[in-house]
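# A closer look at the structure
Residues per chain are reported as follows:
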Amino acid sequence: MPNPVTTAEIAAAIRNVPDFPKPGIQFKDITPVLADARLFAGTIDLLTENFSPGEIDAVVGIDARGFIFAAAAALKLEAGFVPVRKKGKLPHTTHEEDYALEYGHATIAMHIDALKPGARVLLIDDLLATGGTAAAAVSLVKKLGAEILEVNFLIELKFLDGRAKLKDLPIRSLVTY
Ligand code: AMP
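Presented here is a report on the structure given in the accompanying data block. This one's a predicted model, so the numbers in the text were calculated from it and none came from an experiment. For every chain, the first residue of the written sequence is number 1, and numbering continues from 1 along that sequence. At least 70 in pLDDT is required for a residue's local features to be given in this predicted model, at least 80 for side-chain atom pairs to be given and counted, and no such filter applies to totals for whole chains, interfaces and linings, which use all residues. Heavy atoms from the whole structure form the basis of all side-chain values; hydrogens and water molecules are not counted.

## Notes on the sheet that holds strand β8 (residues 147-156)
A pair of strands is labelled paired if DSSP reports no fewer than 2 bridges between them. Under the DSSP-based scheme used, a helix requires at least four consecutive residues in state H or I and a strand at least two consecutive residues in state E, with every element numbered from the N terminus. Taken together, the seven strands give an open sheet; going across it, the order is β5-β6-β4-β3-β7-β8-β9, and neighbouring strands pair in mixed fashion. Every interior strand has two partners, whereas the edge strands, β5 (94-101) and β9 (171-176), have only one. Ignoring strand direction, the axes of neighbouring strands in this sheet form an average angle of 20 degrees. Whether two residues are in contact is decided by their heavy atoms: any pair within 4.5 Å suffices. Here the axes come from fitting lines to C-alpha atoms, over the contacting stretch only for helices, and the angles between their N-to-C directions go from 0 to 180 degrees. Along the sheet, helix α4 (residues 65-77) makes contact with β3 (58-62), β4 (80-86), β7 (120-128) and β8, crossing β3 at roughly 170 degrees.

Here is the structure:
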């Protein structure tokens, strides 16, 4: 794939779906990005560009769209993949965090032995809105004593100022609204 993918190309492929899953929400649909082999690979290249294999121990992905990007990034970085899941889905003992969403409330969970203390973590989700989900995931990673090197999003809704909830962490987003 000779031409590097630009963030403008990714932005052009993201589909805005008004009033999903409820009135007033402008849902950012990333499935057209995933369906395009070049865009998907280029997105993973951009999300991982600050690191080389060996520099990250685990890529943590957030349920559910975050898994897609985090798992692919983990393969590229030769790192493990660790899921942060919605409450009640992980089979082993978990740590849990409650948080508020742009639409609703939720609890996320991570296995208590998912990360070793001091593990170097790249945290990835598809979209940063109010920051509640990512902040809860950060708390879970920190509970295990791991170190977050970067928090990456495909999309950031700047007007919701989710970054304010992720103070002191390096945050990157590829496409902003
Ligand atoms: P928040 O906790 O408010 O930052 O919400 C982020 C989470 O909710 C991410 O996991 C997103 O997948 C999802 N999300 C929130 N708002 C949207 C949106 N407008 N379009 C697509 N996904 C969204």
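## Observations concerning the pattern of salt bridges
Opposite charge on two side chains lets them pair, provided their charged atoms get close. When a carboxyl oxygen of Asp or Glu is within 4 Å of a side-chain nitrogen of Lys or Arg, the pair counts as a salt bridge. As enumerated under the stated definition, the model contains eleven salt bridges in all. Here Arg85 makes a salt bridge to Asp63, at a shortest N to O gap of 3.4 Å. Of this pair, Arg85 sits in strand β4 while Asp63 sits in the loop between β3 and α4, placing them 22 residues apart in sequence. In this structure, Glu97 and Lys143 form a salt bridge, with 3.1 Å as the shortest nitrogen-oxygen distance. Of this pair, Glu97 sits in strand β5 while Lys143 is found in helix α5 (residues 132-143), placing the two residues 46 residues apart along the sequence. The cut-offs for exposure are 20% and 50% of the maximum accessible area for each residue type, with area from a 1.4 Å probe on protein chains only; residues under the lower value are buried, those over the upper are exposed, and the others partly exposed. Since its relative accessible area comes to 45%, Lys143 is described here as partly exposed. Salt bridges sharing partners connect three or more residues here, namely Glu49, Glu150 and Arg172.

## What about helix α3 (residues 37-47)?
Counting along an α-helix, one turn takes 3.6 residues, and residues three or four places apart therefore face a common direction. When we look at burial in α3, the residues that qualify are Leu39, Gly42, Thr43, Ile44, Leu46 and Leu47. The elements touched by buried residues of α3 are α1 (7-13), α2 (31-35), α4, β7, β8 and β9. One side-chain oxygen of the residue at the start of α3 lies 3.0 Å from the amide nitrogen of Arg38, identifying that residue as Asp36. Here a polar contact means two N or O atoms within 3.5 Å. Within protein one must be a hydrogen donor candidate and the other an acceptor candidate, and residues neighboring in sequence count only if both atoms are side-chain atoms.

## A few points about the packing of aromatic side chains
Only Phe, Tyr and Trp rings take part, Trp by its six-membered ring, and two of them pair if their centres are within 6.5 Å. Stacked means planes under 30 degrees apart, edge-to-face means over 60, and tilted covers everything else. This structure, assessed with the given rule, holds three aromatic pairs. Between Phe67 and Phe81 the ring centres are 5.8 Å apart and the planes differ by 85 degrees, which places this aromatic pair in the edge-to-face class. Remark: Phe81 occurs in strand β4 and Phe67 occurs in helix α4; sequence separation between them is 14 residues. Take Phe67: its relative accessible area is 19%, and that puts it in the buried class.

## What to know about the nonpolar core
Only buried Ala, Val, Leu, Ile, Met, Phe, Trp, Tyr and Cys residues count toward a nonpolar core, and they belong to the same one when joined by side-chain atoms within 4.5 Å. Counting 28 residues, the largest nonpolar core has Val60, Met110, Leu115, Val141 and Leu166 as the members making the most contacts within it. Ranked by residue count, the leading element in this core is α5, at seven residues. Once you skip the residues sitting within four places of it in the chain, Val60 turns out to touch Ala70, Val82, Val84, Met110, Leu115, Val121, Leu122, Leu123, Ile124 and Val141. Formed by 27 residues, the second largest nonpolar core is a distinct cluster that contains Ile10, Ile14, Leu39 and Leu46.

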